[in-house]
Amino acid sequence: MGIYLLLLLGATTALTDTTICNAWPLCGSGWTLPTSVTGYLVVGHRLAAILVGLLGTVTVIASWHSRIDQRVRTALAISGILYVIQAGIGAVVAMNGESTYLSSIHLLVGMLIFAGVIAALAWTLEIETGDPSDVPSTATSSPDHELPSETERNVTMPTNSVTRAKMTAFAYIRLMKPRLMWLLCLVAFAAMALAGTTGPGVSWEIVLATLGGGVLSIGASGTFNHVLERDVDRRMARTSDRPLATDLVPVGNAIAFGCLLTVASLGLFAWVNLLAAAFGLAAIVFYSIVYTLILKPNTVQNTVLGGFAGALPAFIGWVAVTGEIGFGGLALATVIFLWTPAHFYNLALAYKDDYERGGFPMLPVVRGETATRRHILWYLGATFLATAVLAVVDTLGATYVLGSVALGAVFLWAVIRLHYEQTESAAFRAFHASNAYLGTLLIAIIIDTLAF
Ligand code: HEM
Ligand SMILES: CC(C)=CCC/C(C)=C/CC/C(C)=C/COP(=O)(O)OP(=O)(O)O
């Protein structure tokens, strides 16, 4: 976490304004306190570099005196050597002022140091908690699993017409997968906020139309997902009470509802601009058809590739404001893409048996739980790196750094606990931590770009 903090502090300040505190160890003549928030971030970076350097030295020395695995020792030693080089580059940048070239090298070397430490952590955790007998099952479907008969699964409709109308309305709302909406809308909103700083700003009409289009398009693709998976949903405990699995909503009505939502969402996006509508259509087609029909039932990489669907709201938000793709939109989309496996593999662990019953080749089913926990940690590390690259965007500062590090620590802690506990509740905790981390990061982006 110390190195993650350094990466974020360095990227938010070094690449933007190194003239702000151009002396050592403090500012001005060398002993003057900073006069701005950015100045404090620069000085905080130097202080953190010293503390993390000391901690790192202790860690490297301890690793050489313990009976730890050779790979772990080597990874830590490489990170340690790079850290010394990194301190030299940092000192040159601090003394000589801004150099985009040196600052970029500084960020790159910082990312390599971080990768080395994450590798050491992942290997240590696997040695300590991995189960060599965790051999995945070979069957990816249970064709002989008894499906409930039509009479068994039918929901009894209440006779009272108001209660019946309420039940039907809730069923249609459920088809829209409302639980996914807040975070996906935050992604689009954060992308719009970032994009607003690059051009003429954002109007509230554009924001509302884009978020409205987003809610409706998630609803549309969620509805199509329910339609296409209604049979398999009946086999899984988690999904067997869904409105189409229980025949509460007729298939034809659900298809019509999905089409209506699609037209309404594309209409709103098209009002914003045609590129936003094109990305909106791509998101609906990708989630409903490419992910649900092709990737999810056929490949273990379904989650990784499915991340493209989640990344599209970042593009939609960005193009809604600028009309073209830009660095901020791409960087945010990369964060979401890499975060997605670290988010979903926790649920895949918790619902492993259910997914196996449904016949889905999810990672824990195909490669085992030990491999899945390893992938969660690797993707978490990759997400942290992507957020450091995003941090070079001018407007991101103190809120982004503090929010990412605080909730990043919670997420990492939950993932480490998951390695040791290996229970369903540990998997849910890590899943919720993933949402809290991304949600905080996105709110921090919005605060930093709109309030400062
Ligand atoms: C391959 C990609 C993804 C898969 C397979 C996946 C899977 C899931 C599943 C199965 C659930 C539980 C849903 C339920 O029970 O209704 C869930 C919940 C959720 N997902 Fe994902 N997800 C993915 C990507 C994303 C993305 C990109 C976001 C947002 C950026 C997201 C945000 C959420 C949220 C907010 C919840 C609800 C959490 C709660 O209710 O506490 N997911 N996800
Ligand atoms: C703008 C727009 C349309 C964006 C779409 C992006 C989107 C809805 C991302 C969520 C990704 C996803 C596959 C979630 C549910 O998984 P699942 O369907 O496998 O879950 P399930 O097992 O509960 O059906």
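From a predicted model like this one, the values you see are computed outputs, not experimental measurements. (Residues numbered from 1 in each chain as written. Chains lettered and ligands numbered in written order. Predicted model: local features only at pLDDT ≥ 70, side-chain atom pairs only at ≥ 80, totals over all residues.)

Participant: Before we move on, can you summarise the overall build of the chain with the specific residues and values?
Facilitator: Counting secondary structure elements, the chain contains 18 helices and zero strands. In terms of C-alpha radius of gyration, the chain reaches 24 Å, essentially the compact-globule figure of 22 Å for 452 residues. Taking the principal axes of its C-alpha atoms as reference, the chain extends roughly 80 × 60 × 35 Å. Counting all 452 residues of the chain, 47% fall into the buried class. At a minimum sequence separation of 6, the contacts of the chain that also span at least 24 residues come to 76%. (Helix = DSSP H or I, 4+ residues; strand = E, 2+ residues; numbered from the N terminus. Rg over C-alpha atoms; globule rule 2.2 N^0.38 Å. Buried ≥ 20, exposed ≤ 12 C-beta atoms within 10 Å, placed from the backbone. Contact = placed C-beta atoms within 7 Å.)

Participant: Got a sec to walk through the packing of helix α7 (residues 181–196) against helix α13 (residues 327–350)? Specific residues and values, please.
Facilitator: Two elements in contact, α7 and α13, have axes whose closest approach is 9 Å; the angle formed by their N-to-C orientations is 155°. With respect to their mutual orientation, α7 and α13 come out roughly antiparallel. In the crossing of α7 with α13, the sense of the turn from one axis to the other is right-handed. Facing α7, whose interface residues are Val187, Ala190, Ala191, Leu194 and Ala195, α13 presents Gly328, Gly329, Leu332 and Ile336. Taken together, the residues of the contact of α7 with α13 sort by class into seven nonpolar, two polar and no charged. (Axes fitted to C-alpha atoms, helices over the stretch in contact; angles between N-to-C directions. Parallel < 35°, antiparallel > 145°, perpendicular 65-115°, else oblique. Left-handed = near helix turned anticlockwise from the far one by under 90°. Nonpolar A, V, L, I, M, F, W, Y, C, P; charged D, E, K, R; others polar.)

Participant: Can you lay out the site of ligand 1 for me, pointing to particular residues and giving the numbers?
Facilitator: Looking at ligand 1, there are 15 residues lining it, with Arg179, Leu183, Gly306, Gly310 and Phe344 nearest. Counting residues per element, the ones that place at least two in the shell around ligand 1 are α7, α12 (302–322) and α13. The biggest single contributor to the shell around ligand 1 is α13, with five residues. (Near = placed C-beta within 6 Å.)

Participant: How would you sum up the site of ligand 2? Please name residues and give values.
Facilitator: Lining the immediate surroundings of ligand 2 are 18 residues, of which Ser217, Ala283, Tyr287, Ala309 and Gly310 lie closest. Elements with a contribution of two residues or more to the shell around ligand 2: α8 (204–228), α11 (274–298) and α12. Residue classes in the shell around ligand 2 are distributed as 10 nonpolar, six polar and two charged.

Participant: So, unusual backbone geometry: which residues are in play, and what are the values?
Facilitator: For Lys177, which is not a glycine, the phi torsion comes out positive at approximately 50°. Look at Asp247: it is not a glycine, yet its phi comes out positive at around 60°. When you line up the elements, Asp247 lands in the loop between α9 (230–235) and α10 (251–272).

Participant: Can you tell me about the packing of helix α4 (residues 100–129) against helix α16 (residues 369–390), naming the residues and giving the values?
Facilitator: Taken N-terminus to C-terminus, the directions of α4 and α16 make an angle of 165°; their axes are 10 Å apart at the nearest point. Taken together, the axes of α4 and α16 lie roughly antiparallel to each other. Crossing geometry of α4 relative to α16 is assigned as right-handed. Contacts between α4 and α16 involve Met111, Phe114, Ala115, Ile118, Leu121, Ala122, Leu125 and Glu126 from the first element and Thr370, Arg374, Leu377, Trp378, Gly381, Phe384, Leu385 and Ala388 from the second.

Participant: Would you mind going over the confidence of the model for the chain in detail, with residue names and values included?
Facilitator: Residues of the chain with pLDDT of at least 70 account for 93%, and the chain-wide mean is 90. Contacts for the low-pLDDT stretch residues 140–144, under 50 throughout, to residues beyond four places or in other chains number eight contacts. Across the interface, the model reports ipTM at 0.94; the global pTM reads 0.92. (pLDDT = per-residue confidence, 0-100.)

Participant: Before we move on, can you summarise the environment of Arg71 with the specific residues and values?
Facilitator: Within the secondary structure, Arg71 is located in helix α3 (residues 70–96). When the C-alpha positions of Arg71 and Trp123 are compared, they lie 7.7 Å apart, and in sequence the two are 52 residues distant.

Participant: Can you lay out the nonpolar core for me, pointing to particular residues and giving the numbers?
Facilitator: Counting residues in hydrophobic clusters, the biggest one holds 129 residues, and the most contacted among them are Leu8, Phe114, Ala190, Ala191 and Leu332. Among the elements that take part in this core, α13 stands out by supplying 14 residues, more than any other. Excluding anything up to four places from it in sequence, Leu8 contacts Ala388, Ala391, Val401, Ser404 and Val405. (Core = buried A, V, L, I, M, F, W, Y, C linked by C-beta atoms within 7 Å.)

Participant: Explain α7 residue by residue, including any values.
Facilitator: Compared with an ideal rise of 1.5 Å per residue, which puts 16 residues at 22 Å, α7 spans 22 Å between its outermost C-alpha atoms and is within 8% of the ideal. Counting buried residues in α7 gives 12 out of 16 residues, a clear majority hidden from the surface. What α7 keeps buried is the set Leu184, Leu186, Val187, Ala188, Phe189, Ala190, Ala191, Met192, Ala193, Leu194, Ala195 and Gly196. Summarising the contacts, the buried residues of α7 are in contact with α8, α12, α13 and α18 (424–451). (Expected span 1.5 Å × (residues − 1).)

Participant: Can you explain the environment of Tyr287? Please cite residues and give values.
Facilitator: In this structure, Tyr287 sits in helix α11. Of the residues examined, Tyr287 has 23 C-beta atoms within 10 Å and is grouped as buried.

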